[in-house]
Protein chains: 2
Amino acid sequence: MNPPSKPERTRLTAEDWEHGALEMIAEEGVGALAIEALARRLNVTKGSFYWHFRNREALLQAALQRWENNDETEVLAKIEPIADPRQRLRAMFDFVARELPSHRIYAALLMALDHPAVQTLMARVSERRMDFLAAAYREAGLDAAQAQHRSRLTYASYVGFMQINMTLGLPRLSHEEFDAYVDHVTETLVP
Amino acid sequence: MNPPSKPERTRLTAEDWEHGALEMIAEEGVGALAIEALARRLNVTKGSFYWHFRNREALLQAALQRWENNDETEVLAKIEPIADPRQRLRAMFDFVARELPSHRIYAALLMALDHPAVQTLMARVSERRMDFLAAAYREAGLDAAQAQHRSRLTYASYVGFMQINMTLGLPRLSHEEFDAYVDHVTETLVP
DNA sequence: ACCTGAACACCGTTCAAGT
DNA sequence: ACCTGAACACCGTTCAAGT
């Protein structure tokens, strides 16, 4: 939908602002999303922002909604059809290591859970991911209660690993260490 | 003569500001720590803040340092001497369920990892907790590499569980569900 | 339909002046 | 040694006026 226009065009749509917001979030986190800085980036004055959105919160929500609809469902579409839970768990962890924009946003959102709008979104995302993990564990032979617990543990270990791995100052895993760790997780968690 | 109806004393120390900061963080999160609001709470003007601290960042760091020195080491002192790793893991998870101020701060910090000062602190905290988990797993018979992986997985599941459990909109576990979950985690992770 | 530019409120920060 | 009160900068928000 991007018209082949000059980079310094000054006529924008709400979608342009949302894309810009997601870029800022991916690069510098949710806290760095500022209307004035974003307006500078888009070569307009901050006043024009308010023709498109009621306020900063509305932009954040619209941007997060766009991310959930596009990137997030795209990721799920890739992982969900994997029938074997061992392969599925590995696919989830593998995604963490990749530097795709979608994961940078996911990581940024995990670090900004003190924003109510982020919490609401992440509640949906977490529930969805745990649900299909639980389904996989049932296919793999666990009963309903065990599958529920195991999916919670799996998703928690996934979220927690991202937190640990993305915390500055903590040594990041090498490629070999990461593979060995994922092997260990798979052997420990997958029946 | 003393004016009798003045509500609180108006002579403060740096420590008073740090305690007030930790209260605000526990109640409303790191993002809600504002000098003006805190000054109102302490019945002084915001100008006086700058006699005690260079800026907001310095207050945040001093408050976090105080938390690490007091509450955090206190928690560790309770958990660290538990020899049996099964009991130790359970103790860690049990702490999550309690509503002590220290845990509210720990949870608030987990939700504000986009602040560099918080990241630096949490890197230390994570490393310390993983180190003594790894020691416990070695005592329990795992080799060094396995103990390292297992401690990472254990701490990740602990951090991730807090995240999931504290996300608004997600159904919180009942007391029975929590116990059953901790049983499941213990059986799955502890050799 | 979208943008500018001036205005205002809020909060972090500075500083001279108070006790 | 600690605080006040006025000032300024920055950013979110509003709005009348521009194209």
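A. A look at the relation of the copies chain B and chain A. Superposition record for chain B on chain A: RMSD 0.0 Å, screw rotation 180°, translation along axis 0.0 Å. Accordingly, the operation relating the two chain copies is best matched by a two-fold axis. Of the interface residues in chain B, 100% have counterparts in chain A that sit at the interface too, so the contact is made through matching surfaces.

B. Highlighting the interface of chain B and chain A. Opposite the 38 residues of chain B that make contact, chain A presents 38 residues. Taken together, both faces of the contact between chain B and chain A bury some 3400 Å²; the carbon and sulfur share is 67%. Between chain B and chain A we count zero salt bridges in total. Counting across the interface, chain B meets chain A through six residue pairs in polar contact (both at pLDDT 80 or more). Listed by contribution, the elements that provide at least two residues to the side of chain B that touches chain A are α7 (116-139), α8 (144-166) and α9 (175-189) of chain B.

C. Representation of the environment of T45 of chain A. Residue and element names in this part refer to chain A. Relative to the helices and strands, T45 is located in the loop between α2 (35-41) and α3 (49-52). Residue T45 is classed as exposed on the basis of its relative accessible area, which comes to 60%. Placed 66 residues apart in sequence, T45 and M111 show a C-alpha to C-alpha distance of 29 Å.

D. Representation of the packing of helix α5 (residues 85-97) of chain A against helix α7 (residues 116-139) of chain A within the structure. All names here are of chain A. In the contact formed by α5 and α7, the axes pass within 9 Å of each other and the chain directions differ by 155°. Between α5 and α7, the angle is such that the two are roughly antiparallel. Only R129, F132, L133, A136 and E139 of α7 make contact with α5, whose side of the interface consists of P85, R88 and M92. For the contact of α5 with α7, the per-class residue count stands at five nonpolar, no polar and three charged.

E. Looking closely at the packing of aromatic side chains. Evaluation of the coordinates by the stated rule reveals 20 aromatic pairs over all chains. Measuring from ring centre to ring centre gives 5.8 Å for F161 of chain A and F178 of chain A, while their planes differ by 45°; the resulting arrangement is tilted. Highlighted residues: F161 of chain A in helix α8 (residues 144-166) and F178 of chain A in helix α9 (residues 175-189), separated in sequence by 17 residues. Measuring from ring centre to ring centre gives 4.9 Å for F49 of chain B and Y50 of chain B, while their planes differ by 90°; the resulting arrangement is edge-to-face.

About the cut-offs
- Chains are numbered independently. Their residues run from 1 in the order of the written sequence.
- All chains are assigned letters beginning with A, and all ligands numbers beginning with 1, in the order in which they are written.
- Totals for whole chains, interfaces and linings use all residues, but because this is a predicted model, local features are given only for residues with pLDDT of at least 70 and pairs of side-chain atoms are given and counted only at 80 or more.
- To obtain the side-chain values, all non-hydrogen atoms of the structure were included, while hydrogens and water were left out.
- For the least-squares superposition of copies, only C-alpha atoms count, and only for residues with pLDDT at least 70 in both.
- Contact definition: two residues touch when any of their heavy atoms are within 4.5 Å.
- A quick way to say it: buried area is the sum, across both parts, of accessible area lost when two parts are put together, with a 1.4 Å probe.
- Each reported salt bridge corresponds to a side-chain nitrogen of Lys or Arg within 4 Å of a carboxyl oxygen of Asp or Glu.
- N or O atoms closer than or at 3.5 Å make up a polar contact, with two conditions inside protein: a donor-capable atom paired with an acceptor-capable one, and, for residues adjacent in sequence, both atoms drawn from side chains.
- Numbering goes from the N terminus for both helices and strands, where a helix is a DSSP run of H or I of at least four residues and a strand is a run of E of at least two.
- Three labels apply to residues, based on accessible area from a 1.4 Å probe with only protein chains included: buried if under 20% of the type maximum, exposed if over 50%, partly exposed otherwise in between.
- Every angle, taken between N-to-C directions, lies between 0 and 180 degrees, and every axis is a line fitted to C-alpha atoms, over only the stretch in contact when it is a helix.
- In this scheme, roughly parallel covers angles under 35 degrees and roughly antiparallel covers those over 145, while 65 to 115 is roughly perpendicular and the rest are oblique.
- Residues are grouped as follows: Ala, Val, Leu, Ile, Met, Phe, Trp, Tyr, Cys and Pro are nonpolar; Asp, Glu, Lys and Arg are charged; every other residue, Gly included, is polar.
- Between 30 and 60 degrees the pair is tilted, below 30 it is stacked and above 60 it is edge-to-face, where a pair is any two Phe, Tyr or Trp rings, Trp via its six-membered ring, whose centres lie within 6.5 Å.

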